[in-house]
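Observations on the three-dimensional arrangement
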Amino acid sequence: MNDLVTLQSISKELAQSRLHAHRNPADVLFVVSVGEFLGLNAATALMNIYNVNGMPTMKADLKLALAKRHPEYAGCEIDANTERCIVKMKRRNENGTEESIISTFTIEDAKRAGLFPKKDNWRMYPQRMLKARAISYAVNDLFPDIVFGMLSSEEAQDIDRHTEKTIATEYKIIESEAETTDQPKQTNDEFAEIMAATQGVMRNLVDNKIDGFDNE
């Protein structure tokens, strides 16, 4: 990682560029830092890593590219149409053993998830979306040491933010009710007693000059 001050200065300049989608220097710095960790130059990172619904994501094509340049990558076959996509990917470990995975995503899966035909991108580009989802799953499962669970940009765009907001709201309501239950409301008489006791303590401090200013 380069000097942080230098990176901050560069991020401010890069944020002015219209050749990528990041307009906040802090976002640019974050993306460049993630890209450096992944072995990407700043330009490639800025063009392929996005903030989608508050999450760092990368294009499915970038996931596949990162897998292909991994020294243990052993091949990939993709069979896609408008009804389903099947990705067969292999990894040859250092000890000579070989792992393989078959990742399948179908239009029926998309329907069950409420993606097709509800989402415009799924309705207009079903084959592309099926391919992106199947590739993302394959790379996540076979090369977790590359992407560390990062979602594909296409996948993150399909997350229902309304559901997350509803969950957060319900949590706040429950928390508020718990606080109310644990701390019973005080009556006016109890409040008056507390105020009287507090005033008595303050008078005692003044009368006995133990407020820390008795020499003034």
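Position labels on residues start from 1 in each chain and follow its written sequence. Local features in this predicted model are restricted to residues of pLDDT 70 or higher, and side-chain atom pairs are both shown and tallied only at a pLDDT of 80 or more, whereas totals for entire chains, interfaces and linings draw on every residue. Side-chain metrics in this entry use all non-hydrogen atoms of the structure; hydrogen atoms and water are not considered.

1. Focus on the pairing of strand E2 (residues 55-58)
We apply this condition: For two strands to count as paired, DSSP must find a minimum of two bridges between them. A run of H or I in DSSP becomes a helix once it reaches four residues, and a run of E becomes a strand once it reaches two; helices and strands are each numbered from the N terminus.
Inspection of the sheet shows strand E1 (residues 49-52) paired to E2 by four bridges, in the antiparallel sense. Note that in E2 the partner of Asn51 across the bridge is Pro56. Remark: two residues form the turn of the hairpin made by E1 and E2, two consecutive strands paired antiparallel; Asn53 in that turn has positive phi of roughly 55°.

2. Digging into the pattern of salt bridges
Rules: The salt bridge definition used is simple: a Lys or Arg side-chain nitrogen within 4 Å of an Asp or Glu carboxyl oxygen. The classification of residues rests on relative accessible area computed with a 1.4 Å probe and restricted to protein chains. Under 20% of the type maximum is buried, over 50% is exposed, and intermediate values are partly exposed.
According to the stated counting rule, one finds nine salt bridges in the structure shown. Close ionic contact of Asp79 with Arg84 constitutes a salt bridge, the shortest N to O distance being 3.2 Å. The class for Arg84 is partly exposed, based on a relative accessible area of 23%. Ionic pairing is found between Asp158 and Arg133, a salt bridge with its closest N-O pair at 2.7 Å. Of this pair, Asp158 sits in the loop between helix H9 (153-156) and helix H10 (161-182) while Arg133 sits in helix H7 (residues 126-142), and the two are 25 residues apart along the sequence. For Asp158, a relative accessible area of 10% corresponds to the buried category. In this structure Arg133 comes out as buried when scored by relative accessible area, which is 8%. Here the salt bridges share partners, and the residues they tie into one network are Glu72, Arg91 and Asp145.

3. Focus: the confidence of the model for the protein
Which entries qualify depends on this criterion: The predictor reports its confidence for every residue as pLDDT, a score running from 0 up to 100. A contact between two residues is defined here by any heavy atoms of the two lying within 4.5 Å.
For the protein, per-residue confidence averages 80 on the pLDDT scale, and residues scoring 70 or more make up 73% of the total. A low-confidence stretch, residues 162-186 (pLDDT under 50), is modelled with four contacts involving residues beyond four sequence positions or located in other chains. With pLDDT under 50 throughout, residues 197-216 is counted as low confidence; its partners more than four residues away or in other chains account for three contacts.

4. Examining H7
Applied cut-off: Given the number of residues in a helix, its expected span is that number minus one, multiplied by 1.5 Å.
Given a rise of 1.5 Å per residue, 17 residues ought to cover 24 Å, and the 24 Å separating the end C-alpha atoms of H7 matches this to within 8%. Taking burial as the measure, the 17 residues of H7 include 12 buried ones, the bulk of the element. Looking at H7, one finds that the buried residues are Pro126, Met129, Leu130, Ala132, Arg133, Ala134, Ile135, Ser136, Ala138, Val139, Asn140 and Leu142.

5. Looking at the environment of Asn140
Here Asn140 shows up in helix H7. A sequence separation of 77 residues divides Asn140 from Lys63, and the C-alpha atoms of the two residues are 8.6 Å apart. Aside from chain neighbours lying at most four places away, what touches Asn140 is Lys63, Val147 and Met150.

6. A closer look at the environment of Pro126
Along the chain, the position of Pro126 falls in helix H7. Measuring from C-alpha to C-alpha, the distance between Pro126 and Cys85 comes to 10.0 Å, with 41 residues separating the pair along the chain.

7. Some remarks on the packing of aromatic side chains
What counts is decided by this rule: Between the rings of Phe, Tyr and Trp (Trp by its six-membered ring), a pair exists once the centres lie within 6.5 Å; its type follows the angle of the planes, with under 30 degrees stacked, over 60 edge-to-face, and the other angles tilted. Placement of a charge over a ring requires the Lys NZ or Arg CZ to be within 6 Å of the ring centre, with the centre-to-atom vector within 35 degrees of the ring normal.
Tallied over the entire structure, the rule returns three aromatic pairs. Following the ring pairs from residue to residue traces out a cluster consisting of Phe105, Trp122 and Tyr137. Note that Arg133 overlies the ring of Phe105, its terminal NZ or CZ placed 5.2 Å from the centroid.

8. Details of unusual backbone geometry
Phi is mostly negative for residues that are not glycine, and the peptide bonds are mostly trans. Residue Pro117 is reached from Phe116 by a cis peptide bond, and omega for that bond is 0°. Turning to its location among the elements, Pro117 is positioned in the loop between helix H5 (107-112) and helix H6 (120-124). Not every positive phi belongs to a glycine, and Asn53 is a case in point at roughly 55°. Counting through the fold element by element, Asn53 comes out in the loop between E1 and E2. Positive phi outside glycine occurs at Phe148, with the angle close to 50°. The class for Phe148 is exposed, based on a relative accessible area of 55%.

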